[in-house]
Amino acid sequence: MSALALRSAPSSIIASVRTPARRPRLISNAAPVFAASTAAVNMDPVERLQSGFKQFKSEVYDKKPELFEPLKEGQAPTYMVFACSDSRCCPSVTLGLKPGEAFTVRNIAAMVPPYDKTKYTGIGSAIEYAVCALKVKVLTVIGHSRCGGIKALLSMQDGAADTFHFVEDWVRIGFLAKKKVVTEYPHTPFDDQCTILEKEAVNVSLYNLLTYPWVKEGVAAGTLKLVGGHYDFVKGVFTTWEK
């Protein structure tokens, strides 16, 4: 499987294509989880939540005490996962991650902003806690196909008024990736540009992770690994690449 590798130079955010020697295993063996049935979708919203929990309790929680008992004492996840809030892309489902395996942050377009003590403190505090307190071993950022946040980023016009209160300002985190795509692929159809940008925005987030001092130190010491990922739910393909 081909993958993208992030170059170290800040001016070269976009990656060259290569096949990495090895990749961290992100997928666990787990029972498949399917989309909700038509009956469940048509339920009262609150009843749907209660029904879903009852099914989880009887079919998973009660049947796997060896999994849930240790979690009562604390957590020791291997991964910190940044994923999009898109309802079609739940990382625990698509990667088969079990409770306790991943400390997860989800937001529009799976963006990771650069280190800043006055902005984005929610993201900063999650990274700090995951790395410094939980001692995660892998930080992975996962983009996905047909991402609305990426489409919004690519559609933004200089000088145009924002449509939302927060969305445009948030996705501007990926501006360097957008600039690279429109410069290098000016004649590529818009939808194909979006597909390229989905991966390039992940690379910007991986680079931004290195602006957090404890992440930079962990990578330098070999105790932390940075991994990019892309989930194409149209084709059913998941690709990873290492920083």
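Read on for an overview of the structure. (Residues numbered from 1 in each chain as written. Predicted model: local features only at pLDDT ≥ 70, side-chain atom pairs only at ≥ 80, totals over all residues. Heavy atoms only, no water.)

Counting across every chain of the model gives 10 aromatic pairs. Pairing Tyr120 with Trp170 gives two aromatic rings, centres 5.6 Å apart and planes at 75°, and the pair type is edge-to-face. Note that Tyr120 is positioned in the loop between strand E4 (102–107) and helix H5 (121–133) and Trp170 in helix H7 (residues 167–171), a separation of 50 residues in sequence. Given a relative accessible area of 15%, Trp170 falls into the buried group. In this structure an aromatic cluster arises from ring pairing among Phe53, Phe56, Tyr61 and Phe68. (Phe/Tyr/Trp six-rings, centres within 6.5 Å; stacked < 30°, edge-to-face > 60°. Helix = DSSP H or I, 4+ residues; strand = E, 2+ residues; numbered from the N terminus. Buried < 20%, exposed > 50% of the residue type's maximum accessible area, 1.4 Å probe, protein only.)

As a further point, take helix H10 (residues 213–221). Of all the residues in H10, the buried ones are Trp214, Val215 and Gly218. All buried residues of H10 project into a common sector of 100° when viewed along the axis, lining one side. Those residues of H10 that are exposed and aimed more than 90 degrees away from the buried face are Lys216, Glu217 and Ala220. Buried residues belonging to H10 abut H5, strand E5 (138–144), helix H9 (190–209) and strand E6 (225–232). Downstream of H10 by a residue or two, Gly222 has a phi angle that is positive, lying close to 85°. (Arc of directions from axis to C-beta. Contact = heavy atoms within 4.5 Å.)

The next subject is the pairing of E6. Taken across its eight residues, E6 has seven buried, putting it largely inside the fold. Here E6 pairs with strand E7 (residues 237–242) via six bridges, running antiparallel. Note that in E7 the partner of Gly228 across the bridge is Trp241. Hairpin connection, E6 to E7: the antiparallel pair is bridged by four residues, and Gly236 has positive phi, about 70°. (Pairing = 2+ DSSP bridges.)

Right, let's talk about the packing of helix H8 (residues 175–184) against H9 for a bit. One way to put it is that H8 packs onto H9 with a least axis distance of 8 Å and a crossing angle of 140°. With respect to their mutual orientation, H8 and H9 come out oblique. Between H8 and H9 lies a crossing of right-handed hand. Along its contact with H8, which presents Leu176, Ala177, Lys178, Val181 and Val182, the element H9 presents Gln193, Ile196, Leu197, Glu200, Ala201 and Val204. Tallied by class, residues from the contact of H8 with H9 come to eight nonpolar, one polar and two charged. (Axes fitted to C-alpha atoms, helices over the stretch in contact; angles between N-to-C directions. Parallel < 35°, antiparallel > 145°, perpendicular 65-115°, else oblique. Left-handed = near helix turned anticlockwise from the far one by under 90°. Nonpolar A, V, L, I, M, F, W, Y, C, P; charged D, E, K, R; others polar.)

Mapped onto the elements of the fold, Asn208 is located in helix H9. For Asn208, a relative accessible area of 8% puts it in the buried group. Setting aside its immediate chain neighbours within four residues, Asn208 contacts Val112, Pro113, Pro114 and Ile173.

Geometry only, nothing functional implied.
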